[in-house]
Structure formats: C-alpha cells, structure tokens
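# Report on the structure
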Amino acid sequence: MKKSLCLCVLCLLSIVVLFLSCSSDETSNEESTFSKIMQTEQLLISMREYNDSLAFNSGITRSGAETHEIVEADLIGGFAAGMLTGFFPPAVAIGAIAGSAIRWIEGNQIFVNQGNMQLIEAECAYMLVLQENPQLDIDYNDVEDLDSITATIGRIHNLALSKIRYARTHGIHFNTTQIQSQISPDILTVIHSNSFTALFDTINTTISNGESLDYLLTDSIPDQIMNLYNQAISYASSPEDIDNYANDYMYMIESSGAEFSDEELSSIAAGMTISSYSYRLWSEEFDE
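The rules behind each value
Residues numbered from 1 in each chain as written. Predicted model: local features only at pLDDT ≥ 70, side-chain atom pairs only at ≥ 80, totals over all residues. Heavy atoms only, no water. Helix = DSSP H or I, 4+ residues; strand = E, 2+ residues; numbered from the N terminus. Buried < 20%, exposed > 50% of the residue type's maximum accessible area, 1.4 Å probe, protein only. Contact = heavy atoms within 4.5 Å. Areas by Shrake-Rupley, 256 points an atom, 1.4 Å probe, with all protein chains shown as cover. Phe/Tyr/Trp six-rings, centres within 6.5 Å; stacked < 30°, edge-to-face > 60°. Core = buried A, V, L, I, M, F, W, Y, C linked by side-chain atoms within 4.5 Å. Axes fitted to C-alpha atoms, helices over the stretch in contact; angles between N-to-C directions. Parallel < 35°, antiparallel > 145°, perpendicular 65-115°, else oblique. Left-handed = near helix turned anticlockwise from the far one by under 90°. Expected span 1.5 Å × (residues − 1).

Assigned secondary structure in the protein chain consists of 11 helices and 0 strands. Ordered by position in the sequence, the α and β elements of the protein chain form the string α-α-α-α-α-α-α-α-α-α-α. Burial status across the protein chain gives 44% buried among its 288 residues. Taking as baseline every contact in the protein chain between residues at least 6 positions apart, the subset at least 24 positions apart corresponds to 78%. For the protein chain, the exposed surface amounts to about 15,000 Å²; the carbon and sulfur share of it is 53%.

So, in structure tokens, the structure goes:
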C-alpha cells in the first residue's frame, strides 16, 4: 500500500514538473517572439523618424526628383529579383538593369519608336560587361563579403546600362545568339525561369504604364524597409547623400537586434548599394 502510494505521489510530482517545464518553455518562447516583434517594430519606427528628419531638411530639386524616379526602378528591380531568387547575384543585377533601362527608354524620346527593352537585351549587356571586365566575374556560389558582392552588382549595373545606351543610340544590335551561348547554364536557368520572366514582364508593363514599382513591395518586413529607404533617397541631392542614407539604414538594421535571413539581408543591402551606384549614373545623365 505504501509502495503504491509512493508511486502515485512520484507520478503526480513528475506530471507537475513536466507541466511547469512546458509552461516555462511556452512562456519563454512567447517572450522571445514578443521581443523580436518589438525589435522589428522599433526598427521601423526609427526609420520613419529618420525619414521625417530628412523631409524636414529637404531641398529637393526637379532634377533630383527625376533622378529619384529612375533610381527607384533600379533599386526595387534589384531588390525584388534578390528576394525572388534567394539572392542570386546575376539575377539581382539583371533585375536592376531591367528596372532602370525600361524607365530610361520609356522616358527618352530617342527610343520612342524602338520599343521597350527585352530580357535578352539585358542579359547580353550583362554578359558583355563581364567579358570586358573579367575581375567582376566572381564566384557567386561562394559569397562571403556582402559589401564586395553588392558593390560588384552596382558596377555591373552601371556598365551594362552604358552599353545599352550606346547600342540604342548608335542603332547597334547585340549578337544575341553568340552572346547567350557564352552565358552559364546556371544563370540562364534562373533568369529564364517562369517566375523571373514574370517579374521582368511586370516591371516592363508597370513602367510602360507610367506607374511606380513601389507597388511590388508588400507588407513583409524587408519590403517595408525598402519602401522606407526608397522614401529616404527621394530627399537626396547628391551621391554622398545616398551613401550616408544607405550606411545609416544598414546601421539601424544591424544594431536593432531584428532577425533577417541571409537572403533578406543580402537583398536589402544590394538594393541600397545599387541605389548608390545608380544615383551617380543618372544624376550625371540629367546634368548633361
């Protein structure tokens, strides 16, 4: 009898301990989740306050507004391509090229009868840049230095756009068959996928309709960050402003404690770096 009673008591104690342990774990998980939510919310609040301070001191000019319009297409095109492909750098570069080149062609009377840029035109320009600048053709499967890779994407973007501009202005057509045969099958698989071509077509259609690409940004946290950053760069009046905004935004992200996947963080960083290179290219274009 005593032995049975002891066993019952031990069982009850075990159940109580197990219950308390589970409750403690659930509470800990809930607290951790709540903490992460609060960190993310505070990050977005900080970014909004940062933008408010920029707006208060803004002296944007018409030329600056025109530059932002095309830089916006660059950064959202690159960011969206990064998020779609799990941050596949060639796709990010081509996504950025697509956004800006279509906007540029659409608004440039020189090309009014030439039609919008096709995907193959963007990929050919991309490949020609790598052929002429072999130091930019790095191993995209072994990316350790995010700053280096995003800077490389920014450089490729600017050089490819210059090629497209030169070809269009002089009535030159890329030898698409020859160039495409030299592109890695891994790259072709991604940029010719249904999802990527659909994104390209969406960018094309959106800009052709005179609309902003910002509608591609959803309510996800990375998308909200890029939307806020896009607002921030609308107040830029120099390339140095863009550099400062990008650095400040990355500092806020890194110091916030908010969690992001490698793909999300890389896509955000790429969008910001592309905007820096893009602003330099297009501010010079509008100054001419």
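Locating Thr40 in the fold gives a position in helix α1 (residues 2-56). By relative accessible area, Thr40 is classed as buried at 15%. Setting aside residues up to four positions removed in sequence, Thr40 forms contacts with Ile221 and Ala258.

A few words on the packing of aromatic side chains. Here the structure, examined in full by the defined rule, presents 3 aromatic pairs. Centre to centre, the rings of Tyr50 and Tyr245 are 6.3 Å apart; their planes meet at 85°, and the pair counts as edge-to-face. Here Tyr50 is found in helix α1, whereas its partner Tyr245 is found in helix α10 (residues 239-256), with 195 residues between them in sequence. As far as burial versus exposure is concerned, Tyr50 and Tyr245 are alike and both buried. With a centroid separation of 5.7 Å and 85° between ring planes, the pair formed by Tyr50 and Tyr249 is classed as edge-to-face. Within this pair, whereas Tyr50 is found in helix α1, its partner Tyr249 is found in helix α10, the two being separated by 199 residues in sequence. Comparing Tyr50 with Tyr249 shows no difference in burial state: the two are buried. An aromatic cluster of three or more residues is present, and its members are Tyr50, Tyr229, Tyr245 and Tyr249.

The nonpolar side chains of a soluble globular protein tend to be buried, and buried together. Among the nonpolar cores identified, the biggest contains 78 residues, and Ile225, Tyr229, Tyr249, Ile253 and Met272 are the most heavily contacted of them. In contact with Met272, not counting residues within four places along its chain, are Ile225, Met226, Tyr229, Ala246, Tyr249, Met250 and Ile253.

Below, the discussion takes up the packing of helix α9 (residues 221-233) against α10. At their nearest, the axes of α9 and α10 sit 10 Å apart, and the two run at 150° to each other. With respect to α10, the element α9 is oriented roughly antiparallel. Taken as a pair, α9 and α10 cross one another with a handedness that is right-handed. Contact with α9, carried on its side by Ile225, Leu228, Tyr229, Ala232 and Ile233, involves Ile242, Tyr245, Ala246, Tyr249 and Ile253 of α10 and no other residues of that element.

With that settled, the discussion passes to helix α4 (residues 119-132). Between its first and last C-alpha atoms α4 spans 20 Å; for 14 residues at 1.5 Å apiece the expected length is 20 Å, and the two agree. With 11 of 14 residues buried, α4 is to be regarded as a mostly interior element. For α4, every residue scored as buried is listed here: Leu119, Glu121, Ala122, Glu123, Cys124, Ala125, Tyr126, Met127, Leu128, Val129 and Leu130.

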